Amino acid sequence: MKKTSVVIAAIIVATLVFLPIDANASLVNSYYGNGSYISSAPVTPLTGLEFYVDYSAVSRYGSSVFTSAFDWNGDYRASVSTMVQYPASSTAYPDNFLIHADPEVGTDIAANTFYYTASGDIINDTEPKPMDTSHSIAWCRIGLNTNSNFFQGDSAWIRKTIIHEVGHVFLLMHPSGYYFNSVMHRERPDGGIKAYSVTTNDRNNLIEKWGY
Amino acid sequence: MKKKIVLGCMVLGALTICSLFLLGHYMFEKEAWQGLEVVNVPCDRLIYQSMEEVENMADIIIEAKAGSELEQKNSSFYVAKFDREVAGSGHTKRELKVENVYKGNVSLGDKIVLMQDYYVWTETDGTKKVVSLTELKPLERGKHYLLFLAYDKEREAYYEVGDYQGVYPIEILQTRTRTGNVLQESELNHLYSDTEHWNLIPILKEVQEKYFR
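Quick notes on the rules
Residues numbered from 1 in each chain as written. Chains lettered and ligands numbered in written order. Predicted model: local features only at pLDDT ≥ 70, side-chain atom pairs only at ≥ 80, totals over all residues. Heavy atoms only, no water. Axes fitted to C-alpha atoms, helices over the stretch in contact; angles between N-to-C directions. Helix = DSSP H or I, 4+ residues; strand = E, 2+ residues; numbered from the N terminus. Parallel < 35°, antiparallel > 145°, perpendicular 65-115°, else oblique. Contact = heavy atoms within 4.5 Å. Nonpolar A, V, L, I, M, F, W, Y, C, P; charged D, E, K, R; others polar. Expected span 1.5 Å × (residues − 1). Buried < 20%, exposed > 50% of the residue type's maximum accessible area, 1.4 Å probe, protein only. Polar contact = N/O pair within 3.5 Å; in protein donor to acceptor, adjacent residues only side chain to side chain. Pairing = 2+ DSSP bridges. Buried area = accessible area lost by both parts, 1.4 Å probe. Salt bridge = Lys/Arg side-chain N within 4 Å of Asp/Glu carboxyl O. Disulfide = S-S within 2.5 Å. Core = buried A, V, L, I, M, F, W, Y, C linked by side-chain atoms within 4.5 Å.

Novice: Mind laying out the packing of helix α3 (residues 170–179) of chain B against helix α4 (residues 201–212) of chain B, listing which residues take part and the relevant values?
Specialist: Residue and element names in this part refer to chain B. The interhelical angle for the contact between α3 and α4, taken along N-to-C directions, is 75 degrees, at an axis separation of 11 Å. It follows from the interaxial angle that α3 and α4 lie roughly perpendicular. Residues Ile-170, Leu-173, Gln-174, Arg-176 and Thr-177 of α3 touch α4, and the partners they reach there are Leu-204, Gln-208 and Phe-212. Its residues assigned to classes, the contact of α3 with α4 comprises four nonpolar, three polar and one charged.

Set out below in structure tokens:
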């Protein structure tokens, strides 16, 4: 009887001690959005993301940096499956998400990600961002700065930018604090908190969002 | 004589009506972005860790009064999949009148052009939206701001250093500094997006201490 009471007490204490820490840890590092792609979208994170990189991007940044998108792949459901690049013709890949150099990307912006509905309307959800609230995403486009000097010749920074924007296509958001390392932090990477590539935190978010 | 008085009154009346119309037009006319839904586009951009960094990156540091929107530009482009033009990046230019200079080659009274990363987009069904590539909301005409700006030669306009880290509303910061009350984050929502305050507050405190104390 006494033994049973001790065991029960130990279980209760362990629950009280460890449960809040566990719950807290999960909350703190969560930065995936609640949005989703429409079920009829031909390309989604679960079918495997398919991109087309056009001439404007390849001519400025070369072709090798874009394969960095595959760094997202791992032993889980969401993935990047295709990265078709110029000189392949875009007309053969109409559903692929576009990566290009956008002439109106702001002076101090490395790149941005746009979400569109099935009819091509830009998604107009309110704060914080479409990937957190919209369930009508059908197509995405990544716009890179046309000024390649922005990256100061740092190809690792360009690669990080590609990975970061593809993270948005997976509906991951910017983390809200510099207390863990992630490729989803904005700014130039430093190999520390502002990671060059996909981190364990990023992969955990991908798994939480899209499943094993 | 009577005829002249009547004529004079008519001219005076007409002038008064014209003046009131112009005043009303300036003060109460809505700007293109007001009242529209906002599309927030996630951007990977340069952000700074301290006020000193923001100051160093700025070509000019000024206090200025926001004037009217001048023009907007965007990079819409054709997508075969949709058989239509879709929205791209873009910006809106706005006039600023310089009221105080802390750094840079501008003078009191100069009018300069600020470029903010938002524009109004019209979909094929006529729906208008504000496409915003910034954590800043558009500056309000007639309001006063402390600005840390860098110059873009190609676009011939200034832009905010560190986006929201380069713009501070003067009235509210002066009031809070004078009364010694703590600035509430909710008071910033008319200017800044409410998603990025954690990255703004430390620099805002430094700015308040240096420029408003």
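Novice: Account for helix α4 (residues 155–169) of chain A, with residues named and values stated.
Specialist: Along an α-helix, residues three or four positions apart point the same way, because every turn accommodates 3.6 residues. Residues and elements named next belong to chain A. If you check α4, its first and last C-alpha atoms are 21 Å apart, about what 15 residues at 1.5 Å a residue would give, namely 21 Å. The buried fraction of α4 is high, at twelve of 15 residues. Those residues of α4 lying buried are Trp-157, Ile-158, Lys-160, Thr-161, Ile-162, Ile-163, His-164, Glu-165, Val-166, Gly-167, His-168 and Val-169. Two or three places before Ala-156, at the opening of α4, Asp-154 has a side-chain oxygen 3.1 Å from that residue's backbone nitrogen. Of the residues one or two after α4, Leu-171 is the one with positive phi, at around 70 degrees.

Novice: So, the sheet that holds strand β1 (residues 37–40) of chain B: which residues are in play, and what are the values?
Specialist: Residue and element names in this part refer to chain B. Taken together, the three strands give an open sheet; going across it, the order is β1-β9-β8, and neighbouring strands pair in mixed fashion. Strand pairing shows two members of the sheet lacking a second neighbour, β1 and β8 (118–122), which therefore form its edges. Between one strand and the next, the sheet's axes are offset by a mean angle of 30 degrees, whatever the strand orientation. Bridge count between β8 and strand β9 (residues 128–132): five bridges; the pairing is antiparallel. Counted as the bridge partner of Tyr-118 is Ser-132 from β9.

Novice: Describe in detail the interface of chain A and chain B, supporting the description with residues and values.
Specialist: Facing 53 residues of chain A, the contacting portion of chain B comprises 48 residues. Between chain A and chain B, a total of about 4,000 Å² is buried, with carbon and sulfur atoms accounting for 52% of that surface. Our count for the contact surface shared by chain A and chain B stands at seven salt bridges. Between Asp-121 of chain A and Arg-84 of chain B there is a salt bridge, and its shortest N-O distance comes to 2.6 Å. Joining chain A to chain B, the criterion identifies 25 residue pairs in polar contact (both at pLDDT 80 or more). Listing elements by their share of the side of chain A that touches chain B, those giving two or more residues are β3 (97–102), β4 (109–116), α3 (130–133), β5 (139–145) and α4 of chain A. The element best represented in the side of chain A that touches chain B is β4 of chain A, accounting for eight residues. Note: β4 of chain A against strand β2 (residues 43–45) of chain B, three bridges, orientation antiparallel. Within β2 of chain B, the residue paired with Ala-111 of chain A across the bridge is Asp-44 of chain B.

Novice: Can you explain unusual backbone geometry? Please cite residues and give values.
Specialist: All names here are of chain A. Going from Tyr-86 to Pro-87, the amide bond is cis rather than trans, its omega being 20 degrees. Tracing the chain through its elements places Pro-87 in the loop between β2 (80–85) and β3. Located in the positive-phi region is Gln-152, a residue other than glycine, with phi close to 55 degrees. Assignment of secondary structure puts Gln-152 in the loop between β5 and α4.

Novice: Mind laying out the sheet that holds strand β1 (residues 49–53) of chain A, listing which residues take part and the relevant values?
Specialist: One open sheet accounts for six strands, arranged β2(A)-β1(A)-β3(A)-β5(A)-β4(A)-β2(B); its pairing is mixed. Each of the sheet's edge strands pairs with one partner strand only, and the pair in question is β2 of chain A together with β2 of chain B. On average, each strand axis in the sheet is inclined to that of its neighbour by 20 degrees, with strand direction left out of account. Packing against the sheet, α4 of chain A makes contact with β1, β2, β3, β4 and β5 of chain A together with β2 of chain B, and its axis sits at approximately 20 degrees to β4 of chain A.

Novice: An account of the pattern of salt bridges is needed here, citing residue identities and associated values.
Specialist: Applying the stated criterion to the full structure yields 22 salt bridges over all chains. With its nearest N and O atoms 3.3 Å apart, the salt bridge here joins Asp-102 of chain A to Arg-141 of chain A. In this pair, Asp-102 of chain A sits in strand β3 while Arg-141 of chain A sits in strand β5, placing the two residues 39 residues apart along the sequence. Neither residue differs from the other here; Asp-102 of chain A and Arg-141 of chain A are each classed as buried. Two residues, Lys-210 of chain B and Glu-55 of chain B, come together in a salt bridge whose shortest N-O distance is 3.0 Å. On the criterion of sequence distance, the pair formed by Lys-210 of chain B in helix α4 and Glu-55 of chain B in helix α2 (residues 51–57) is long-range, its members being 155 residues apart. When its relative accessible area of 51% is taken as the criterion, Lys-210 of chain B is described as exposed. Its relative accessible area of 11% is what places Glu-55 of chain B among the buried residues.

Novice: Talk me through the state of the cysteines; I want residue IDs and the actual numbers.
Specialist: Tallied over the entire structure, the rule returns zero disulfides over all chains. Free cysteine: Cys-140 of chain A, not disulfide-bonded; nearest cysteine sulfur from Cys-43 of chain B at 14 Å.

Novice: Would you mind going over the nonpolar core in detail, with residue names and values included?
Specialist: Ranked by size, the top nonpolar core spans 69 residues in total, and within it Phe-51, Phe-66, Trp-72, Val-166 and Phe-170 of chain A carry the most contacts. Counting 45 residues, the second largest nonpolar core, distinct from the first, contains Val-54, Tyr-168, Leu-173 and Leu-183 of chain B.

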